[in-house]
Amino acid sequence: MTEVGIGLPSQLPGVTGPLLAGWARRAEERGFASLATIDRVVYSNLEPMAALAAAAVVTERITLFTNILLAPVRLPVMLAKQAASVDLLSGGRLRLGLAPGGREDDYTATGMRFANRGRRFDAQLALMQGMWKGIPVPGTTRPVGPVPARGGIPVLIGGTSDRAIARVVAVGDGWTAGSGAGDAAGTLAERVRRAWADAGRAGEPYLTTLAYFYLGSDLNGALDNLTDYYGPERGPMVAARTGRTPEGLRAMRARAEESGFDELVLYPAVADPAEVDRLADAVL
């Protein structure tokens, strides 16, 4: 059966350290498969690796998942070191969902080029995976540690292009649909599985998809949060796919199961801690 992860409210207004910690603990207690983050630079969200480091301290078993992290806006050596640190501190519970992203302002803010982000992402993946195996960075003689708890970190590739699928097959452990896949997620997942098999990769790619949920009473506030995060064009489309009833959320899980997804990650539209229990009661 498709597992269910829950997003941390790290991109939402009003999040504090105690709220984040309590959310993480309760998600683990209720049996969610993962705690996930999403990523922006030009926004008042918590930085994903920092949020997952905080969650790692107060949990013991639940997977920690960046879904996705904008890799090319970060220096590859430092990202690899941060990821290995979170993985080690959590006892090997980190799973990275990585992609170039599509918002140019995130690149402008970090001084990174937007136009060549795909090529830099390919080089970044190779460098990071080598670092986790203890291979010294070019120009140095000693490995840049620490070494991840499992000697490596699972990497899911995000994106819907042919190049994204090629990355999954070449260097990934699976694919994450992301919010941009929309209704095409199931079709894209099948393309990933076929490409994986055609390339002779052993086993099956790990496949995740996502949606948002809201089970409280302040619906307008929830929709405002989504529009603020995604913007006036994409926000209403994301909001239209938000699960607002237990029945609707169970139907989402059933559709993910039919499409062969291993995990459905449901992100909160408000930072109300009661939403953890509401979602667990609906889908677990």
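All values derive from a computational prediction rather than experimental measurement.

Colleague: Mind laying out the overall build of the protein, listing which residues take part and the relevant values?
Modeller: When helices and strands are counted, the protein shows 10 helices and 8 strands. Its C-alpha atoms give the protein a radius of gyration of 18 Å, within 12% of the compact-globule value 19 Å for 284 residues. Taking the principal axes of the C-alpha coordinates as reference, the protein spans close to 55 × 40 × 35 Å. Out of the 284 residues in the protein, the part that is buried amounts to 50%. Within the protein, contacts between residues separated by at least 24 positions form 76% of all contacts whose residues are at least 6 apart in sequence. Total accessible area on the protein is roughly 12,200 Å²; 54% of this is exposed by carbon and sulfur atoms. On the protein, the mean spot of the 30 positive side-chain charges and the mean spot of the 30 negative ones are 6 Å from each other.

Colleague: Now, about helix H6 (residues 162–171): what can you tell me, with residues and values included?
Modeller: Among the residues making up H6, those that are buried are Ala 164, Ile 165, Arg 167, Val 168 and Val 169. Of the surrounding elements, those touching the buried residues of H6 are helix H5 (117–132), strand S5 (155–158), strand S6 (174–176) and helix H7 (185–198).

Colleague: Pulling in residues and values, what's your account of the pattern of salt bridges?
Modeller: With the rule as written, the count across this model stands at 19 salt bridges. Between Asp 272 and Arg 278 there is a salt bridge whose closest N-O contact spans 3.1 Å. Taking the relative accessible area as the measure of exposure, Arg 278 reaches 31% and is therefore partly exposed. Connected through shared salt-bridge partners, Arg 26, Glu 29, Arg 30, Asp 277 and Asp 281 make up one network.

Colleague: An account of the side chain of Thr 2 is needed here, citing residue identities and associated values.
Modeller: Position of Thr 2 among the secondary structure elements: in the segment before strand S1 (3–7). Residue classification places Thr 2 among the buried positions, given a relative accessible area of 0%. In contact with Thr 2, other than residues within four places in its own chain, are Arg 253, Ala 256, Glu 257, Phe 261, Asp 262, Glu 263 and Leu 264.

Colleague: Kindly report on unusual backbone geometry, identifying the contributing residues and their values.
Modeller: A cis amide bond links Asn 67 to the next residue, Ile 68, at an omega of 0°. Assignment of secondary structure puts Ile 68 in strand S3 (residues 63–70). Of the consecutive residues Gly 145 and Pro 146, the connecting peptide bond is found in the cis state with omega at 5°. Within the secondary structure, Pro 146 is located in the loop between H5 and S5.

Colleague: An account of the pairing of S1 is requested, with residue identities and associated values reported.
Modeller: When you tally the buried positions in S1, you get 4 out of 5 residues, the bulk of the element. Two elements, S1 and strand S8 (residues 263–268), share 4 bridges in a ladder whose sense is parallel. By the bridge assignment, Val 4 is partnered in S8 with Leu 264. Both S1 and strand S2 (residues 34–37) contribute to a ladder of 2 bridges, which runs parallel. Within the sheet, the bridge partner assigned to Gly 7 lies in S2 and is Ala 36.

Colleague: Account for the packing of aromatic side chains, with residues named and values stated.
Modeller: Tallying each qualifying case throughout the model produces 6 aromatic pairs. With centroids separated by 5.4 Å and ring planes inclined at 75°, the aromatic side chains of Tyr 107 and Phe 114 adopt a geometry described as edge-to-face. The two residues Tyr 107 and Phe 114 agree in class, both being buried. Measuring from ring centre to ring centre gives 4.9 Å for Tyr 229 and Tyr 230, while their planes differ by 75°; the resulting arrangement is edge-to-face.

Calculation rules
Residues numbered from 1 in each chain as written. Predicted model: local features only at pLDDT ≥ 70, side-chain atom pairs only at ≥ 80, totals over all residues. Heavy atoms only, no water. Helix = DSSP H or I, 4+ residues; strand = E, 2+ residues; numbered from the N terminus. Rg over C-alpha atoms; globule rule 2.2 N^0.38 Å. Buried < 20%, exposed > 50% of the residue type's maximum accessible area, 1.4 Å probe, protein only. Contact = heavy atoms within 4.5 Å. Areas by Shrake-Rupley, 256 points an atom, 1.4 Å probe, with all protein chains shown as cover. Lys, Arg positive; Asp, Glu negative; His and termini not counted. Charge placed at Lys NZ, Arg CZ, Asp CG, Glu CD. Salt bridge = Lys/Arg side-chain N within 4 Å of Asp/Glu carboxyl O. Pairing = 2+ DSSP bridges. Phe/Tyr/Trp six-rings, centres within 6.5 Å; stacked < 30°, edge-to-face > 60°.

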